[in-house]
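Here is how the chains run, residue by residue.
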Amino acid sequence: MAKPSTPAADLSEWDFPKLRTTFQMTLDSEGTDEAEFFDVKFYPYGAVNAPPVFAATSKKHAVICRLKEIGEKEKDKNPCEFLRVIRDDDDTARNCTCTWSRDPVTGAPWLLVAGNDAKIKIYDVVKGKLVRTLVGHGGGINDIVTSPANPSIIASASDDTTVRIWSLDKVHAHQPCVIILGGEGHIYDLLSVAFHRTGKHVLSAGHDQFINLWTLPDIPNKHVEHPQVLYYPHFATCEVHGNLVDCVAFYGDMILSRACHEDKIVLWRVEGFDSNNPPLPPSAAPTNFDPKEQTRSAFAKPSPNRYALFSRLLQFSTPDCHSQFFMRFRMFHTQGKHPILAFANAKSRTFFWDLTRFREYNRFMDDLRAYEEARAQRLAITSNGAAPLPQPLAPPDKPHWLPIKKDKSLPTHKSITGMAAGSSTGDKNSSIPPNIATAATATASASPDPDNVIGLGGYNTRTLTEWAEMYDTGNPQSLVRCHKQNSIEGGFVGRQVAWSPEGDWCVVVGNSNNAVLYHRWGKDTSKEGGGGGKGNGVQVVGGGKDRKGSTPAPAPAPAPAPAPGPGGAATGTARATMGSASVPPAAMMTGAGGGVANGNGSSGAAASRNGSAPPAMSSAGVNAGVALRGGGVLAPPSVVGAMGGGQSPVVPVVGGGGVGGGAPGGGPTYTYGPPGTMPSVFDSQAA
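Residues numbered from 1 in each chain as written. Predicted model: local features only at pLDDT ≥ 70, side-chain atom pairs only at ≥ 80, totals over all residues. Heavy atoms only, no water.

Account for the overall build of the protein chain, naming residues and giving values.
Broken down by element type, the protein chain carries 4 helices and 39 strands. In the protein chain, which comprises 687 residues, the share counted as buried stands at 56%. (Helix = DSSP H or I, 4+ residues; strand = E, 2+ residues; numbered from the N terminus. Buried < 20%, exposed > 50% of the residue type's maximum accessible area, 1.4 Å probe, protein only.)

Residue-level account of the pairing of strand E8 (residues 120-124), with values.
Burial of E8 is extensive: 5 of the 5 residues sit out of reach of the surface. With 5 bridges joining them, strand E7 (residues 109-115) and E8 adopt antiparallel strand pairing. Bridge pairing links Trp-110 to Asp-124 in E8. Hairpin geometry of E7 and E8 is characterised by an intervening segment of 4 residues between the two adjacent antiparallel strands and by a positive phi of about 65° at Ala-118. Across 5 bridges, the pairing between E8 and strand E9 (residues 129-134) is antiparallel. (Pairing = 2+ DSSP bridges.)

Pulling in residues and values, what's your account of the nonpolar core?
With 23 residues, the main nonpolar core has Leu-256, Leu-267, Phe-316, Leu-341, Phe-343, Trp-353 and Leu-355 as its most contacted residues. Put simply, the parts of the chain that give this core at least two residues each are strand E19 (245-251), strand E20 (254-259), strand E21 (264-270), strand E23 (310-317), strand E25 (340-344), strand E26 (349-354) and helix H1 (355-383). Leaving out residues up to four positions away in the same chain, Leu-256 has contacts with Cys-247, Val-248, Ala-249, Tyr-251, Ile-265, Val-266, Leu-267, Phe-316, Phe-329, Met-331 and Leu-341. Membership of the second largest hydrophobic core comes to 19 residues, among which are Met-25, Phe-54, Ala-498 and Trp-505. (Core = buried A, V, L, I, M, F, W, Y, C linked by side-chain atoms within 4.5 Å. Contact = heavy atoms within 4.5 Å.)

Go over unusual backbone geometry with me, naming the residues and quoting the values.
Positioned with a positive phi, Thr-161 is a non-glycine residue whose angle comes to about 75°. Within the element layout of this structure, Thr-161 appears in the loop between strand E11 (150-158) and strand E12 (163-167). Phi is positive for Asp-263, which is not a glycine, with a value near 55°. Along the chain, Asp-263 falls in the loop between E20 and E21. Its relative accessible area of 22% is what places Asp-263 among the partly exposed residues.

Before we move on, could you go through the state of the cysteines and cite the residues and values that matter?
Evaluated as defined, the whole model comprises 0 disulfides. Left without a disulfide partner, Cys-98 is nearest to the cysteine sulfur of Cys-96, which lies 9.2 Å away. Assessed through its relative accessible area of 0%, Cys-98 is described here as buried. (Disulfide = S-S within 2.5 Å.)

So, the pattern of salt bridges: which residues are in play, and what are the values?
Following the criterion strictly, the structure yields 22 salt bridges and no others. With a closest N to O distance of 3.9 Å, Arg-357 and Asp-354 form a salt bridge. Take Arg-357: its relative accessible area is 6%, and that puts it in the buried class. Look at Asp-354 and you get buried, because its relative accessible area is 0%. (Salt bridge = Lys/Arg side-chain N within 4 Å of Asp/Glu carboxyl O.)

Any chance you could break down H1 for me, citing the residues and the numbers?
Its 29 residues give H1 an end-to-end C-alpha distance of 43 Å, which sits within 8% of 42 Å, the value for a rise of 1.5 Å per residue. Measuring from the side-chain oxygen of the N-cap residue of H1 to the backbone nitrogen of Thr-356 gives 3.0 Å; that N-cap residue is Asp-354. (Expected span 1.5 Å × (residues − 1). Polar contact = N/O pair within 3.5 Å; in protein donor to acceptor, adjacent residues only side chain to side chain.)

Describe the packing of aromatic side chains, with residues and values.
Using the criterion set out here, one finds 23 aromatic pairs in the structure. Measuring from centroid to centroid gives 5.6 Å for Trp-268 and Phe-310, while their planes differ by 75°, and the two rings are edge-to-face. Here Phe-310 lies in strand E23 and Trp-268 lies in strand E21, a separation of 42 residues in the sequence. One exposure class covers both Trp-268 and Phe-310, and it is buried. Grouping aromatic residues by their ring pairs yields a cluster made of Phe-16, Phe-332, Phe-352, Trp-499 and Tyr-518. Its end group placed over the ring of Tyr-45, Arg-102 keeps NZ or CZ at 4.6 Å from the ring centre. When the ring centre of Phe-326 is taken as origin, the NZ or CZ atom of Arg-328, which lies over that ring, is 4.0 Å away. (Phe/Tyr/Trp six-rings, centres within 6.5 Å; stacked < 30°, edge-to-face > 60°. Lys NZ or Arg CZ within 6 Å of the ring centre and 35° of its normal.)

Go over the environment of His-174, please, and point to the residues and values.
Note on placement: His-174 falls in the loop between E12 and strand E13 (177-181). Taking the C-alpha atoms as reference points, His-174 and Glu-225, separated by 51 residues in sequence, lie 8.4 Å from one another.

Pulling in residues and values, what's your account of the side chain of Asn-513?
Mapped onto the secondary structure, Asn-513 falls in the loop between strand E30 (505-510) and strand E31 (514-519). Polar contacts involving the side chain of Asn-513 include one to the main-chain amide nitrogen of Phe-37, which spans 3.2 Å.

With reference to specific residues and values, describe the pairing of E13.
Taken across its 5 residues, E13 has 5 buried, putting it largely inside the fold. Examined bridge by bridge, E13 and strand E17 (residues 228-230) share 3 bridges and lie parallel to one another. The partner of Leu-181 across the bridge, within E17, is Leu-230.

Explain the sheet that holds E8 to me, using residue names and the numbers behind them.
The strand order E6-E7-E8-E9 describes an open sheet built from 4 strands, whose pairing is antiparallel. At either margin of the open sheet sits one strand with a lone partner, and together these are strand E6 (95-102) and E9. The sheet shows a mean angle of 25° between the axes of neighbouring strands, taken without regard to direction. (Axes fitted to C-alpha atoms, helices over the stretch in contact; angles between N-to-C directions.)

So, in structure tokens, the structure goes:
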């Protein structure tokens, strides 16, 4: 058997995430149409190896959680620690997007949330207070992102067809909107916006099928009365997709995008675009004076040697998305680690691709072809009566992650390669004697089943076909199957994917406020119990809307529940069910306009890990014991455990000003820290 070509110490980098647990949050203040997570982001500014924190956002609520490593002795415990549930009490708010930032003075973590009310709300997570609200858009906001180069710079994409660039710096306190990307850029609602890792370039896309690349001017370092308006992008095309584009992102200097109805993610590049070059001025942007031009570019001009203004490099197959839109992929991309693309479809499946595997597969196949060529030359020499060459020819080592499709009717790959290398004895499992090893291919070719034909390197055709479907990058028009997929039970529609800063956790959120947690380099516990399906089962009960005159539910904790203030207390239930790189894609990939596209991207600083935070922490307070308007106290969530498939009784969770209700019991406790403990989550913030 071939040995792995990768040192054992590095094999873990080739691992894909495994299903760890799932949960569903249902809040009594949300109707059926509101119970959906639309966004999830990890906090990107924590210390290296710190427990990752993420925020999942629904229309009216957000859940902030911390993930922790679980040892072998504690494998039945839930790794997700709920820190807070945040509610937006604005009647007009229907949030769908969020991002993380920091106080430019103190470094305190900020959450920014936005939605159909055209407002961006900024919350201080430590203090649990609304810091400010950004207004200016004339339509709902569908996406907000933080610049990876500067946490004080935010981009928002709106139904008003514009992208606004905001500065949270104190010098821009009176006019935080510093740049508007509008004019003739888009003609219909925008759905997605993304920063380049340098912070100098922005992508925008939406209902009009156009994907625009804008080069930003320098952000002013002093107060401005009016934002600068850019009327034209430096690159625009509607030829990559044929339907509304709901997700777009940079991968190095290349671009990833997907569209509704197409069941694919496309990797492509703008010809001539190089982020190492000096940024182009706004005056260099091409105008749309000719509406028949479907692609316009300031980075390259058609010429006899280069007609295409962009090149399609690779297409990732994402079946069963159907007519769903607002479905987002996410690339884990940080220096020194394998880049991994993740996406969840509308049929409860999550797909993963390791882009380093494309390069290694192409290298292996080149070595395999070279081996076959050398072996054929040796056979030609010996068939002419020459003495056998003294040194046997060994086939190249197969990467350990390439599967072999076995067929009992065929000799094993080990026997064929062993005989081809000059072995004096055949494999005991082989049906072909060693003295006819050279005729192995011809013998197997007589099989009536084409999948049973022995092909390149002694691997059967079925194996080679499977490899090509997953790793071959030679045809940019073909769809590449996922390298790994995980499924959960039920009708789950994925909306957004997020990776932890170190790449060890992947969280997927979607319909009915469902969330799925995948753990990389951790034990797969999805089959070890719980919830009536895959994963461990846990329920979380938490605060709902204010109800004047009501009192907190009786608590089983030793300390009595605090009395409600003069304005009454908030009660209600929030129920959550928990069940269980650098830069290289393919080393060489063919471009759409002919020629060869070098897919190595641009190396450099780690890619953005834009975290996002849950929406709507209303000024009324947070589900951690913060006082509400009218002096009431919000009873913090309680927890119901259901490990191993059974439910244990409710256990109280202590908040800063109250105790969650519920019957006494002995289940596991997951503590919502009171406001005073929240800063510890964000300690040792990265510079």
